[in-house]
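# Reading the structure
Each chain, letter by letter, is given below.
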Amino acid sequence: ELVLRLARAMAHAHDAGVLHRDIKPENVLLRSASAAMDPVLVDFGIVAFTDVRRQLTEDQRPVGTLRHMAPEQLDIERRGERGPAIDVWALGVLLYQCLTGTPPFPGSAAVASYQILHGEPPLFADRRRDIPADLLAVCRKCLSKAPTRRYTHARELADDLARFLANEPTLARPLGPFGRLLRFCRRHVVAVAVLSVVIVASTVAAAVSMRAAARASHHATLALRALTEVADQVADDPWLNYSGSAQ
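Because the structure is predicted, anything quoted here is derived from the model rather than measured.

## What to know about the overall build of the protein
A tally of helices and strands in the protein yields nine helices and four strands. Moving toward the C terminus, one meets the helices and strands of the protein in the order α-β-β-β-β-α-α-α-α-α-α-α-α. A total of 247 residues make up the protein; the buried ones form 32% of that total. Contacts in the protein between residues at least 24 apart in sequence constitute 59% of all its contacts with a sequence separation of at least 6. Here the protein has roughly 15,100 Å² of accessible surface; of this, 60% comes from carbon and sulfur atoms.

## Digging into unusual backbone geometry
With a phi angle near 60 degrees, aspartate 43 is a residue other than glycine that sits in the positive phi range. With respect to the helices and strands, the residue aspartate 43 is situated in the loop between strand 3 (36-41) and strand 4 (48-49). The residue asparagine 167 is not glycine, and still its phi comes out positive at about 60 degrees.

## Digging into the pattern of salt bridges
Under the criterion given, the structure shown has seven salt bridges. Taking the shortest distance from any N to any O, the salt bridge between arginine 150 and glutamate 72 comes out at 2.8 Å. You can see arginine 150 sitting in the loop between helix 5 (133-142) and helix 6 (154-165) and its partner glutamate 72 sitting in helix 2 (residues 71-74), a full 78 residues away along the chain. Linking aspartate 134 and arginine 173 is a salt bridge whose minimum nitrogen-to-oxygen distance equals 3.5 Å. With aspartate 134 in helix 5 and arginine 173 in the loop between helix 6 and helix 7 (177-187), this residue pair connects regions lying 39 residues apart in the sequence. Classification of aspartate 134 by relative accessible area gives buried; the value is 7%. The exposure class assigned to arginine 173 is partly exposed, which follows from its relative accessible area of 34%.

## A short note on the packing of aromatic side chains
Scanning the model with the defined rule gives one aromatic pair in all. Between the aromatic rings of tryptophan 89 and phenylalanine 105, the centroid separation amounts to 5.8 Å while the plane-to-plane angle is 5 degrees, which identifies the pairing as stacked. Here phenylalanine 105 lies in the loop between helix 3 (85-100) and helix 4 (109-118) and tryptophan 89 lies in helix 3, a separation of 16 residues in the sequence. According to the relative accessible area criterion, tryptophan 89 is buried, its value standing at 0%. Between lysine 141 and the ring centre of tyrosine 151, over which it is positioned, the NZ or CZ distance is 5.3 Å.

## Points about the packing of helix 3 against helix 5
One way to put it is that helix 3 packs onto helix 5 with a least axis distance of 8 Å and a crossing angle of 140 degrees. Between helix 3 and helix 5, the interaxial angle falls into the category oblique. Classified by chirality, the crossing of helix 5 by helix 3 is left-handed. Seen from helix 3, the contacting residues are Val88, Trp89, Gly92, Leu95, Tyr96 and Leu99; seen from helix 5, they are Leu135, Val138, Cys139 and Cys142. Of the residues contributing to the contact of helix 3 with helix 5, the split by class is nine nonpolar, one polar and no charged.

## So, the side chain of glutamate 72
According to the relative accessible area criterion, glutamate 72 is buried, its value standing at 0%. Setting aside anything within four residues of it in sequence, one finds glutamate 72 in contact with Arg78, Arg79, Glu81, Arg82, Ala85, Ile86, Lys145, Pro147 and Arg150.

Analysis parameters
- Residues numbered from 1 in each chain as written.
- Predicted model: local features only at pLDDT ≥ 70, side-chain atom pairs only at ≥ 80, totals over all residues.
- Heavy atoms only, no water.
- Helix = DSSP H or I, 4+ residues; strand = E, 2+ residues; numbered from the N terminus.
- Buried < 20%, exposed > 50% of the residue type's maximum accessible area, 1.4 Å probe, protein only.
- Contact = heavy atoms within 4.5 Å.
- Areas by Shrake-Rupley, 256 points an atom, 1.4 Å probe, with all protein chains shown as cover.
- Salt bridge = Lys/Arg side-chain N within 4 Å of Asp/Glu carboxyl O.
- Phe/Tyr/Trp six-rings, centres within 6.5 Å; stacked < 30°, edge-to-face > 60°.
- Lys NZ or Arg CZ within 6 Å of the ring centre and 35° of its normal.
- Axes fitted to C-alpha atoms, helices over the stretch in contact; angles between N-to-C directions.
- Parallel < 35°, antiparallel > 145°, perpendicular 65-115°, else oblique.
- Left-handed = near helix turned anticlockwise from the far one by under 90°.
- Nonpolar A, V, L, I, M, F, W, Y, C, P; charged D, E, K, R; others polar.

Next comes the structure, spelled out in structure tokens:
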């Protein structure tokens, strides 16, 4: 939920064409709001603007904190790819740290730089195995190497995190028909339980009715067979036939 609130805050900045470019734990302050902790994003000292006409200077070197910088932010030759997706990457790094307790790209500056630019996305299974698959997918989408494969805006990330918290399918990990049905059942446990009871009761009642009808049909068949046998016996008895003829 902390990253969700930060993503919503950055969504307002992105709407205004502002990029933070240095989202990291040191720039997140927590203030007490009733029983919850309300995160506040600070230090907009190296912001950039999506509208290049508002830029006073052009960066001649990477700007930001190395282990929280997106590949296109770290590579000065890719400055044309920079946009809201760099903040989405940084929020993904923060989410990874919240989930595992460690940064996704540890090691020396040289090692971290290489991992960010060329390495594969970090594996969660090496650190925690109990993270829900939907949350893993959201984090991996944030940490995609190509900006076009990430959420294009902080609001998209916030919306997907909200879907996860509401136990709804996420855009990062869409579900098939069976998965959607299972997710629906989890969200509406009481309604599904009541419906299941009704279905089971109806099935049992129908089975009992069918069994009763089968018994009645069986008894009728036995009675008809008995009457037929009596009729055959009467027809074959010479004394009964004689008496009937004499009269």
